[in-house]
Amino acid sequence: MKRAYKYRFYPTPEQVELLAQTFGCVRFVYNSILRWRTDAWYERQEKTGYIQASARLTALKKEPEFAWLNDVSCVPLQQTLRHQQTAFSNFFAGRARYPTFKSKRHKQAAELTASAFKYRDGRLYMAKSKAPLDVRWSRPLPSTPSTVTISKDAAGRYFVSCLCEFEPVSLPISPKMVGIDVGLKDLFVTDTGFKSGNPRHTTKYAARLALLQRRLSKKARGSKNRAKARMKVARLHAKIADCRLDALHKATRKLINENQVVCVESLKVKNMIRNPTLSKAIADAGWGEFMRQLKYKAEWAGRSVVAIDPFFPSSKRCSCCGFTLQKMPLNVRKWYCPECGADHDRDINATRNIKAAGLAVLAHGEPVNPDPPKAAQVRLREVGIPALQVREQSIFLPKHHGN
Ligand SMILES: [Zn+2]
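Residues numbered from 1 in each chain as written. Predicted model: local features only at pLDDT ≥ 70, side-chain atom pairs only at ≥ 80, totals over all residues. Heavy atoms only, no water.

### Examining the coordination of the zinc ion
Phase 1: With distances of 2.3 Å, the protein atoms coordinating the zinc ion are Cys318 (SG), Cys321 (SG), Cys337 (SG) and Cys340 (SG).
Phase 2: Between the four donor atoms coordinating the zinc ion, the angles at the centre fall across 107 to 112°, so the site counts as tetrahedral.
Phase 3: If you list the donors of the zinc ion from N- to C-terminus, the spacing comes out as C-x2-C-x15-C-x2-C. Residue Cys321 is located in the loop between strand 10 (304-308) and strand 11 (334-336), and its partner Cys340 is located in the loop between strand 11 and strand 12 (343-345); the two are separated by 19 residues in the primary sequence. (Donors = N, O, S within 2.8 Å, 3.2 Å for Na, K, Ca; no water. Tetrahedral: all angles 85-135°; square planar, octahedral: opposite > 155°, others 65-115°. Helix = DSSP H or I, 4+ residues; strand = E, 2+ residues; numbered from the N terminus.)

Below, the structure written as structure tokens:
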């Protein structure tokens, strides 16, 4: 399996210069060829692919006014055209919007393949620079990287991301299983009654961010003070993002370490983000990233994440007797089941339903058929969960099951 290992590094003044030049060339090539490809289509109805783009780059490098493109390694320039091709493929397949121009203000990156870097005796060298990169190796690399991506974020920090082959180590089989419900009041609640709380990083720094943005808005355009103020805003944004990611990594690591199976309701995060009153809070909670981490960590550890369809009535259903209420307004936090009289905490009741549905899917679910709503309904009845409508959406089983 392949995995990226990301480290921070501190470039020498010469490397800063070389990297600035490289990032600039990458951006120029990406943008000018994107312009050229767009024009080719709109003005002449010509279809262009990677081959034409690559030929165009060769032609550009021969023109005297663009001779400076030859001062940097040719590899990242070629790689950026490959990335552009992927962006176009995603656009034509309906997965993404039309590729956009790269901005100088955002994150800059240059991808180096084997011919453009050297990894020797635990040191990383990039082409056209004699000194090794001063990388803070926070963990060892498992193998020589196949690709290295050097980036500089908006806050001016440099990172190197090394793509390496690695052998995932399965965790010992655990008897524990958990159902979790992700939300805003708590990032997640488990069926054992654990409530994680929600750190709300953006809210915490909102006042400071507003102050810095206000100061930035008053600085004259193009001035040095404006650049300094912009950097302060970028650094605070980076801090918020780091805090959020750190909390998510700790939470997902704990869930995967402790449980063999994690059942979770899959959310349509993109649709929910369109809700204008909640979008900020939802984006801040990082549900999408939470799910992504759960899935890949489970895969590496040989554990399972079962995603339950969001149409499953997890909140409205009594986890004791299966009675399903008609309505369950969002403000109801506690309720009594009219059928069996059970006293429910809204979130914990939901997690119990999610766990039951997840285990039912797991017991009957493989191999997974993506779209059999009726069949799933019948199967769940067989296992004794009444009055449910579950559409299995996706299920992630470890490849090496049982031993
Ligand atoms: Zn009940």
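### A short note on unusual backbone geometry
Phase 1: The backbone phi angle of Gln45 is positive, close to 55°, even though this residue is not glycine.
Phase 2: Along the chain, the position of Gln45 falls in the loop between helix 1 (13-44) and helix 2 (50-62).
Phase 3: Overall, Gln45 belongs to the exposed group, its relative accessible area being 51%. (Buried < 20%, exposed > 50% of the residue type's maximum accessible area, 1.4 Å probe, protein only.)

### Digging into the nonpolar core
Phase 1: Of all hydrophobic cores here, the largest spans 37 residues; its most connected members are Phe9, Ile33, Ile150, Val160 and Cys162.
Phase 2: If you list the elements that add at least two residues to this core, you get strand 1 (2-9), helix 1, helix 2, helix 3 (74-92), strand 2 (108-113), strand 4 (123-126), strand 5 (147-152) and strand 6 (158-165).
Phase 3: Looking at this core element by element, the count peaks at eight residues for helix 1.
Phase 4: Discounting residues that sit within four places of it in the chain, Ile33 has contacts with Ala53, Arg56, Leu57, Leu60, Leu81 and Gln84.
Phase 5: Of all hydrophobic cores here, the second largest spans 21 residues; its members include Ala251, Val262, Met291 and Ala301. (Core = buried A, V, L, I, M, F, W, Y, C linked by side-chain atoms within 4.5 Å. Contact = heavy atoms within 4.5 Å.)

### Focus on empty space enclosed by the protein
Phase 1: Throughout the structure, instances matching the rule amount to two cavities of 30 Å³ or more.
Phase 2: In this structure, the largest cavity encloses a volume near 90 Å³.
Phase 3: Residue lining of the largest cavity: Leu18, Leu19, Thr22, Ser73, Pro76, Ala110, Leu112, Ala116, Met126, Ala127, Lys128 and Ile150, and that is the complete set.
Phase 4: Looking at the lining of the largest cavity, the elements with two or more residues in it are helix 1 and strand 2.
Phase 5: In terms of residue class, the lining of the largest cavity is built from nine nonpolar, two polar and one charged. (1 Å grid on protein atoms, 1.4 Å probe; cavity = no way out; pocket = protein on both sides within 12 Å on 5 of 7 lines; lining within 4 Å. Points joined across faces, edges and corners; volume = space filled by probe spheres on them. Nonpolar A, V, L, I, M, F, W, Y, C, P; charged D, E, K, R; others polar.)

### Remarks on a positive patch on the surface
Phase 1: On the surface, Arg208, Arg214, Arg215, Lys218, Lys224, Lys228, Lys232 and Arg235 cluster together into a patch of positive charge.
Phase 2: Those elements giving two or more residues to the positive patch turn out to be helix 4 (201-218) and helix 5 (224-258).
Phase 3: When you line up the elements, Lys224 lands in helix 5.
Phase 4: The exposure class assigned to Lys224 is exposed, which follows from its relative accessible area of 71%. (Patch = residues over 30% accessible without salt bridge, like charges linked within 9 Å, V, L, I, M, F, W, Y side chains within 5 Å. Areas by Shrake-Rupley, 256 points an atom, 1.4 Å probe, with all protein chains shown as cover. Salt bridge = Lys/Arg side-chain N within 4 Å of Asp/Glu carboxyl O. Lys, Arg positive; Asp, Glu negative; His and termini not counted. Charge placed at Lys NZ, Arg CZ, Asp CG, Glu CD.)

### Digging into the packing of helix 4 against helix 5
Phase 1: Between helix 4 and helix 5, the shortest axis-to-axis distance is 9 Å and the interhelical angle comes to 170°. Compared by their axis directions, helix 4 and helix 5 come out roughly antiparallel. Counted together, His201, Thr202, Tyr205, Arg208, Leu209, Leu212, Gln213, Leu216 and Ser217 of helix 4 and Arg226, Ala229, Arg230, Lys232, Val233, Leu236, His237, Lys239, Ile240, Cys243, Arg244 and Ala247 of helix 5 form the full contact between these two elements.
Phase 2: Among the residues making up the contact of helix 4 with helix 5, the classes are represented as 10 nonpolar, five polar and six charged. (Axes fitted to C-alpha atoms, helices over the stretch in contact; angles between N-to-C directions. Parallel < 35°, antiparallel > 145°, perpendicular 65-115°, else oblique.)

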